[in-house]
Each structure stands twice: as C-alpha cells, then as structure tokens.
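As a plain string of letters, each chain reads:
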Amino acid sequence: MARRGTAVVTGASSGIGAATARRLAAEGFEVVLGARRLDRLEALAAEIGPPARFHRLDVTDPASVAAFADAVPECAVLVCSAGGALGLDPVEAFDEQGWRWMWEADVLGVARTVRAFLGKLVASGDGRIVVVVSIAGHEIYPGGAGYTAAKHAAAALTDTLRLELLGRPVRVIEVSPGLVDTEFSTVRFAGDHDRVAAVYAGLTPLSADDVADAIGYAVTRPPHVTVARIDILARDKANARDIHRHPAHDCS
C-alpha cells in the first residue's frame, strides 16, 4: 500500500481517537498518537505496529502542545479528538471548574493544536484538519449548557478556520457524532455505572469504529474534495435529546 503521509491523532488513548488511529494506519498513514495516558498509547502503537509512534499530550497545557508538535517533523492529517464532557449541571448550579476544563479541552485545545501544526499541514501540500465536534455543537438540551456551549464554540472555530484557510492547501472537516459507546459517559458521570448504563439503554449506540470510518472516508477523498461536515447518529436517535428506546432492546 502506498504511504499517504503522517496523520496525527489527539485523544488517541481511547474511544474515537484510538479507533481513528487504527483506521488511518489501515488506510496507509503513518500515525502519531497523542494523549495523557502513555501506557495506553504504548499499547496501541504496539498493536498498530511500525511506524506508529506516540508522545504525551495534554491539550489543555500550551507547553505540552508545543512540545508534542516539535516532536513531529511533518503532518498531512491532524485529527483533533481530545476533549469531553463533565456533568449535567443546570446553569443555575453549574460547576465552574468543570465548565472551564471543557472550554480548555474542547475549544482552546483544538485552537492550540491547529496553530502548532498548521505550518506543517500547509507544507504537506494537501493538509487535512479533522475536528471531532458533536451534534451538541449544533443543538442544546437541558443540563448540557456547559458542554453544548463549548462544542458550539468548537463548531464555530472549525467553520471560521475553513474561511481563514481558503486558498491554502488545507481542507477543514468537521465530524459530529451523537451517542457513541466510549468512555465519554463514564467520564461525564465520574464513573457512576448506573447513570452510564442509562445513557445507552434501549438502543444500539454508535461505536468508535463507526466514527473512525467516517473520518477515514473524509480524509481519503481527492485533494479537490472537502467533506465539510458529517453528522452521525444512531438509528434510534433523531437529535441531541430525542431518542427511541426499545423496551426489549431488540435493535437488530
């Protein structure tokens, strides 16, 4: 298989990031993995095999982002999948620390990472930036203001970036899934297994591989084609809040 260049994936220690790294490696990219949990990155790099490599990355820390980018000499694809949600606080009782973290990870983390890699993406002659947003970047739901506000900002950042890079050889791609069975809800509810189970009860949610499949498609289109945005939903989910749940959970 012809090599396609280097693909950098943030948030690669689990979930969508890990699945995307596997998919892009299968597509012929040399993948570079970034996340905080080095043990998981090491295991994933070993699973993928050479020339996959990894470096520690905390997108909420500007120095960490700079050091990560310095360790990667070239980049054709940048997948920004680091981030997440904390809690379901109503606005009147919001947790300021949690909301601040979501903004740092989901908005500023994307901006920092893009800024650090943009020169290399341009130099590749066919750069692709993929921002994993969420349908929460375009919709709202009760208790979700902290997360939806951050994701709305991430979506606005992505659209603005596409305008600002017009005329340069970089495509900007937004991938916005809803209800993916990953560690997302475990983190959001601080490991409360009952609350996590309730999120996915009565339907078959998306898998991380479903999202990675869409990313793999988008970044392998011909250079003149930009897949600007992909929304991905489970069959029984109409939007961010309307879900059909099967009592017997027969969703085949």
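Preceding this paragraph is the structure being described.
Residues numbered from 1 in each chain as written. Predicted model: local features only at pLDDT ≥ 70, side-chain atom pairs only at ≥ 80, totals over all residues. Heavy atoms only, no water.

A. Structural detail: the pattern of salt bridges. Evaluated as defined, the whole model comprises 14 salt bridges. A salt bridge links Glu 47 to Arg 22, with the nearest nitrogen and oxygen atoms 2.7 Å apart. Here the residue Glu 47 occupies a position in helix α2 (residues 38-48), and Arg 22 occupies one in helix α1 (residues 15-26), the gap between them amounting to 25 residues. With relative accessibility at 36%, the residue Arg 22 sits in the partly exposed group. The residue Arg 128 makes a salt bridge to Asp 126 at a minimum N-O spacing of 3.6 Å. Through salt bridges that share partners, Arg 4, Arg 23, Glu 27 and Asp 213 make up one connected network. (Salt bridge = Lys/Arg side-chain N within 4 Å of Asp/Glu carboxyl O. Helix = DSSP H or I, 4+ residues; strand = E, 2+ residues; numbered from the N terminus. Buried < 20%, exposed > 50% of the residue type's maximum accessible area, 1.4 Å probe, protein only.)

B. A look at the sheet that holds strand β3 (residues 53-56). With parallel pairing, 7 strands are arranged side by side in an open sheet as β3-β2-β1-β4-β5-β6-β7. Edge positions in the open sheet fall to β3 and β7 (229-232), since each of these has one partner strand only. The sheet shows a mean angle of 15 degrees between the axes of neighbouring strands, direction not considered. Relative to β7, strand β6 (residues 170-177) runs parallel, the two being bridged by 4 bridges. Its bridge partner being in β7, Pro 177 is matched across the sheet by Ile 232. Sitting on the sheet, helix α8 (residues 208-219) is in contact with β4 (77-80), β5 (127-132), β6 and β7, with an inclination near 160 degrees to β6. (Pairing = 2+ DSSP bridges. Axes fitted to C-alpha atoms, helices over the stretch in contact; angles between N-to-C directions. Contact = heavy atoms within 4.5 Å.)

C. Looking closely at the nonpolar core. With 37 residues, the main nonpolar core has Val 8, Leu 78, Val 114, Phe 117, Leu 121, Ile 129 and Leu 165 as its most contacted residues. At the level of elements, α3 (62-70), β4, α4 (96-123), β5, α5 (145-164) and β6 are the ones that each hand at least two residues to this core. Residues in contact with Val 8, not counting those within four places in the same chain, are Val 32, Phe 68, Val 72, Cys 75, Val 77, Leu 78, Val 79 and Phe 117. Formed by 35 residues, the second largest nonpolar core is a distinct cluster that contains Ala 35, Val 132, Ile 173 and Val 227. (Core = buried A, V, L, I, M, F, W, Y, C linked by side-chain atoms within 4.5 Å.)

D. Spotlight on the environment of Phe 54. Here Phe 54 is to be found in strand β3. Not counting the four nearest positions on each side in its chain, Phe 54 is found in contact with Leu 33, Leu 38, Leu 41, Glu 42 and Ala 45.

E. Region of the structure containing the pairing of strand β2 (residues 30-35). When you tally the buried positions in β2, you get 5 out of 6 residues, the bulk of the element. Bridging between strand β1 (residues 6-10) and β2 involves 5 bridges; their strand directions are parallel. For Ala 7, the partnering residue across the bridge sits in β2 and is Val 31. Each parallel crossover has a hand, and the one from β1 via α1 to β2 is right-handed. Inspection of the sheet shows β2 paired to β3 by 4 bridges, in the parallel sense. Its bridge partner being in β3, Leu 33 is matched across the sheet by Phe 54. You can see the chain leave β2, run along α2 and come back into β3, and the turn it takes is right-handed. (Right-handed = clockwise from strand over helix to strand, strands pointing away.)

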